[in-house]
Amino acid sequence: MRRAVFLDRDGVINAMVYHTEFGLVDSPANPEEFRLLPNVSEAIRSINQLGFLAIVISNQPGIAKGKFSPALLEAMTEKMLIELRQEQANIDAVYYCFHHPEGVVAEYRAICECRKPKPGMLFKAAQEWDISLPESYFIGDGITDVQAGYAAGVSTLLVYPSSRCYLCDELTRQKVQPDHIVKNLLDGVHLIRQLEQQKQGQVIL
Ligand SMILES: [Mg+2]
Ligand SMILES: [Zn+2]
């Protein structure tokens, strides 16, 4: 069986978009708004080198909410994959949930099994790629990433940039904690490398 590092997309791979006119932070809605965060290509290249699959697991309710079309999302995905590939960083697969229970686009207005915090996308990826979930990791910056990872039985790394983790208070209320807290994706991958080296050391000893 294979192992994977599952990656949330918005806030982990690419920057969120700040809409000053509404005072809102949102996911990018078109390729122009889609910007890779610093050191992401290095992080994903390291995942490749460690022998893990790199698989994106992302809620994109903007589709159900009519904020952008599946074609625009596809264009953003292409931009992400191409820019990373130019840096020898390879994403093996991308799983999106298009749904939202209160969406305005009837086709995608649904209570689905894929929307995080549910683990549906992780289970689907595990089946399609023959992945051992207990030997895999999920790196995300949201409560629902930790919840989905926990529900699927993967190790969870929460990306949280400041030392005081306010999200963790909410996670405590939800009775789930990340296995690790890291400052960004690259720190998360460095930690995974250390954890893997420790595991190998234990086997040799
Ligand atoms: Mg996120
Ligand atoms: Zn869904």
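Note that the structure is a prediction, hence the values are computed from the model and not measured. (Residues numbered from 1 in each chain as written. Chains lettered and ligands numbered in written order. Predicted model: local features only at pLDDT ≥ 70, side-chain atom pairs only at ≥ 80, totals over all residues.)

Peer 1: What exactly am I supposed to notice about the overall build of the protein here?
Peer 2: Scanning the protein from N- to C-terminus turns up six helices and eight strands. Counting from the amino terminus, the protein carries its helices and strands in the arrangement β-β-β-α-β-α-β-α-β-α-β-α-β-α. Radius of gyration (C-alpha) of the protein: 17 Å, near the 17 Å computed for a compact globule of 205 residues. Dimensions of the protein, computed from the C-alpha atoms along their principal axes, are close to 55 × 40 × 35 Å. The buried share of the protein, taken over its 205 residues, is 37%. Of all intrachain contacts in the protein linking residues separated by at least 6 positions in sequence, the fraction that spans at least 24 positions is 65%. (Helix = DSSP H or I, 4+ residues; strand = E, 2+ residues; numbered from the N terminus. Rg over C-alpha atoms; globule rule 2.2 N^0.38 Å. Buried ≥ 20, exposed ≤ 12 C-beta atoms within 10 Å, placed from the backbone. Contact = placed C-beta atoms within 7 Å.)

Peer 1: Is there a simple way to explain the sheet that holds strand β8 (residues 180-182) in this structure?
Peer 2: Strands in a sheet are paired, the pairing made by backbone hydrogen bonds, and the direction either parallel or antiparallel. Spatial ordering of the open sheet is given by β5-β4-β1-β6-β7-β8, a layout of six strands whose pairing is parallel. Looking at strand neighbours, the two that pair on one side only are β5 (93-97) and β8, the edges of this open sheet. In this sheet, neighbouring strand axes are inclined to one another by 20 degrees on average, regardless of whether the strands run parallel or antiparallel. Across four bridges, the pairing between strand β6 (residues 137-140) and strand β7 (residues 155-159) is parallel. Within β7, the residue paired with Tyr137 across the bridge is Ser155. (Pairing = 2+ DSSP bridges. Axes fitted to C-alpha atoms, helices over the stretch in contact; angles between N-to-C directions.)

Peer 1: For this particular structure, what's the right way to read the nonpolar core?
Peer 2: Among the nonpolar cores identified, the biggest contains 50 residues, and Val5, Phe6, Leu7, Ala54, Ile55, Leu122 and Ile139 are the most heavily contacted of them. At five residues, the largest contribution of residues to this core is made by strand β4 (residues 53-59). Apart from the residues lying within four places of it in its own chain, the contact partners of Ala54 are Val5, Leu7, Ile44, Ile47, Asn48, Asn90, Ile91 and Asp92. (Core = buried A, V, L, I, M, F, W, Y, C linked by C-beta atoms within 7 Å.)

Peer 1: Help me understand unusual backbone geometry, please; the structure alone is not making it clear to me.
Peer 2: Among all residues save glycine, negative phi is the norm, and among peptide bonds the norm is trans. Residue Pro117 follows Lys116 across a cis peptide bond; omega there is 20 degrees. Tracing the backbone shows Pro117 in the loop between β5 and α3 (120-129). Here the phi dihedral of Asp130 falls at roughly 55 degrees; this positive angle occurs in a residue that is not glycine. Note on placement: Asp130 falls in the loop between α3 and β6.

Peer 1: When you look at helix α2 (residues 70-85) in this model, what are you seeing that I'm missing?
Peer 2: An α-helical turn contains 3.6 residues, so any two residues separated by three or four positions project in the same direction. Relative to the 22 Å expected for 16 residues at 1.5 Å per residue, α2 spans 22 Å between its end C-alpha atoms, a close match to the ideal helical length. Tucked inside the fold, the buried residues of α2 contact β5. (Expected span 1.5 Å × (residues − 1).)

Peer 1: What is the right way to read helix α1 (residues 40-49) from this model?
Peer 2: Of all the residues in α1, the buried ones are Val40, Ala43, Ile44, Ser46 and Ile47. All buried residues of α1 lie within an arc of 155 degrees about the axis, which places them on one face of the element. Downstream of α1 by a residue or two, Gly51 has a phi angle that is positive, lying close to 90 degrees. (Arc of directions from axis to C-beta.)

Peer 1: Any chance you could explain the pairing of β7 here in plain terms?
Peer 2: The side chains of a regular strand alternate between the sheet's two faces. Counting buried positions over the five residues of β7 gives four, a clear majority of the element. Where the polypeptide runs from β6 across helix α4 (residues 143-152) and back to β7, its parallel neighbour, the crossover connection is right-handed. Strand direction decides the pairing type here: β7 and β8, joined by three bridges, are parallel. Bridge pairing in β8 links Leu158 to Ile181. Taken together, β7, helix α5 (residues 166-173) and β8 form a β-α-β motif whose crossover is right-handed. (Right-handed = clockwise from strand over helix to strand, strands pointing away.)

Peer 1: Looking at this model, I keep getting lost on the environment of Val56. Mind explaining?
Peer 2: By the secondary structure assignment, Val56 is in strand β4. Sequence separation between Val56 and Gly201 is 145 residues; the distance between their C-alpha atoms is 29 Å. Those residues in contact with Val56 that sit more than four places away from it in its chain are Leu7, Arg9, Ile91, Val94 and Tyr95.

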